[in-house]
Amino acid sequence: MSPIGVFDSGYGGLTVLREIRRLMPQYDYLYLGDNARAPYGPRSFERVYEFTLQAVRHLFDMGCPLIVLACNTASAKALRSIQQRDLPLLFPSPVASSLPTRRVLGVIRPTVEAVGELTHTRHVGIVATQGTVASRTYELEMAKLHPDIVVTGQACPMWVPLVENGEADSPGADYFVRRDIQRLLARDPQIDTIILGCTHFPLLYNKVRACTPSSVQLISQGAYVARSLSDYLCRHSDIEGCLSRSGTARFLTTEQPGNFAPSAALFLGHAVEAEQISLT
Ligand code: DGL
């Protein structure tokens, strides 16, 4: 098996996996959630990088030629170092100046690419973990691709714990969602597009929609990441040709599988079985 690896700190990446599988059901997938150490949002750059690299190495050891970091926090804090420093050392290309033989992709670039077509006012809001917002990665990527777009990031530190603890539908979640959306829109009333810049947040979509003016569109990342991955595979036949195609999905977690399976079912809409692993 040479599956596509999909990694997140917890359950959030399942919202991305769902869209990737919808678009490309033919491939095999290996999902890894580091639930035992979630949330990553409040953790330092060093810690998020260390944990993400451990996960990436584990997925490579299990045969993945390509890994998607389906986590904005890991994409913001670890992706660049892994792409630029670790991969060329771990998997050097046989041909000088070409790419390493295994790849790791993130979720921020595909989202930023898509948003240029979606905003009319050119004022975009990002709701994300405090780690993603503090990294300013969205601002940096936006400045490269769409320098005319004004970006305002709003950290929502309570949203991931609400989702990880199965409280996304509870009345208690309304307070935090409403408060953070109001804070964001007060900082820039011209925002016409809000990116749900954390893969956990699609689970709060209905609550966000309920407290956001209808003139403001909400962007969930999964479909954009899936489309971008499909384009990537079309352009990189060296990697695409290595992938196995039995249409399977396997789930790994660093927590109790008995906890993972029912929560994962909420994200995916169908039952799954999970296996426990440890990362070092
Ligand atoms: N799902 C992750 C993200 O997209 C993050 C969460 C966390 O562990 O704080 O940022």
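Provided above is the structure to which this section pertains.
The rules behind these values
- Residues numbered from 1 in each chain as written.
- Predicted model: local features only at pLDDT ≥ 70, side-chain atom pairs only at ≥ 80, totals over all residues.
- Heavy atoms only, no water.
- Helix = DSSP H or I, 4+ residues; strand = E, 2+ residues; numbered from the N terminus.
- Rg over C-alpha atoms; globule rule 2.2 N^0.38 Å.
- Buried < 20%, exposed > 50% of the residue type's maximum accessible area, 1.4 Å probe, protein only.
- Contact = heavy atoms within 4.5 Å.
- Areas by Shrake-Rupley, 256 points an atom, 1.4 Å probe, with all protein chains shown as cover.
- Lys, Arg positive; Asp, Glu negative; His and termini not counted.
- Charge placed at Lys NZ, Arg CZ, Asp CG, Glu CD.
- Axes fitted to C-alpha atoms, helices over the stretch in contact; angles between N-to-C directions.
- Parallel < 35°, antiparallel > 145°, perpendicular 65-115°, else oblique.
- Left-handed = near helix turned anticlockwise from the far one by under 90°.
- Nonpolar A, V, L, I, M, F, W, Y, C, P; charged D, E, K, R; others polar.
- Pairing = 2+ DSSP bridges.
- Near = heavy atom within 4 Å.
- Polar contact = N/O pair within 3.5 Å; in protein donor to acceptor, adjacent residues only side chain to side chain.
- 1 Å grid on protein atoms, 1.4 Å probe; cavity = no way out; pocket = protein on both sides within 12 Å on 5 of 7 lines; lining within 4 Å.
- Sits in = over half its atoms within 2 Å of the grid points.
- Points joined across faces, edges and corners; volume = space filled by probe spheres on them.

How should I be thinking about the overall build of the protein chain in this particular structure?
The number of helices and strands found in the protein chain is 13 helices and 10 strands. Whereas a compact globule of 280 residues would reach a radius of gyration of roughly 19 Å, the protein chain reaches 18 Å, a difference of no more than 12%. Dimensions along the principal axes, computed over C-alpha positions, put the protein chain at roughly 50 × 45 × 35 Å. Expressed as a percentage of its 280 residues, the buried residues of the protein chain come to 57%. Counted over contacts in the protein chain with a minimum sequence separation of 6, partners at least 24 positions apart contribute 78%. Taken as a whole, the protein chain presents about 12,000 Å² of accessible surface, with 52% of it coming from carbon and sulfur. Looking at the protein chain, you have 26 positive and 26 negative side-chain charges, and the mean spots of the two groups are 3 Å apart.

Hey, could you run me through the packing of helix α2 (residues 45-61) against helix α4 (residues 79-90) in this one?
With their axes 12 Å apart at the nearest point, α2 and α4 run at an angle of 40 degrees to one another. If you check the angle between α2 and α4, you find them oblique. When you trace α2 past α4, the crossing you get is right-handed. Every residue of α4 that contacts α2 at Y49, T52, L53, V56, R57 and F60 is listed here: S81, I82, R85, D86, L87 and L90. Here the residues of the contact of α2 with α4 are counted per class, giving seven nonpolar, two polar and three charged.

Looking at this model, I keep getting lost on the sheet that holds strand β8 (residues 217-219). Mind explaining?
Paired through backbone hydrogen bonds, the strands of a sheet run either parallel or antiparallel to each other. Pairing within the open sheet is parallel, and its four strands lie in the order β6-β5-β7-β8. Only two strands of the sheet have a single partner each, and these edge strands are β6 (150-155) and β8. On average, each strand axis in the sheet is inclined to that of its neighbour by 25 degrees, with strand direction left out of account. Alignment of strand β5 (residues 123-128) against strand β7 (residues 193-196), held across four bridges, turns out to be parallel. Looking across to β7, one finds that V127 is bridged to L196. The sheet strands contacting helix α7 (residues 137-145) are β5, β6 and β7, and the helix crosses β6 at an angle near 165 degrees. Relative to the sheet, helix α9 (residues 171-187) contacts β5, β6 and β7, its axis offset from that of β6 by approximately 150 degrees.

Before we go on, may I ask you to explain the site of the ligand in this structure?
Taken together, 13 residues surround the ligand, and among them S9, Y40, G41, T73 and H200 come closest. Backbone polar atom of Y40 to an oxygen atom of the ligand: 2.6 Å apart, as the coordinates give it. In the model, an oxygen atom of the ligand is placed 2.8 Å from a nitrogen or oxygen of the G41 main chain. Among the detected pockets, the ligand sits in the largest cavity. By residue class, the composition of the shell around the ligand is five nonpolar, seven polar and one charged.

So what exactly am I meant to see when it comes to empty space enclosed by the protein here?
A probe matching the size of a water molecule, rolled over the atoms, marks out where space remains unfilled. For the structure on display, the rule yields two cavities of 30 Å³ or more. Of the pockets and cavities examined, the largest cavity occupies roughly 70 Å³. In terms of lining residues, the largest cavity is bounded by 13 residues, among which S9, T73, T129, C198 and H200 are the most central. For the lining of the largest cavity, the class distribution of residues is five nonpolar, seven polar and one charged. Counted as a void, the second largest cavity has a volume near 40 Å³. As for the second largest cavity, its lining consists of I126, A128, T132, V133, R136, T137, Y138, E139 and G153. If you list the elements that add at least two residues to the lining of the second largest cavity, you get β5, α6 (130-135) and α7. Residues of the lining of the second largest cavity, tallied by class, amount to four nonpolar, three polar and two charged.

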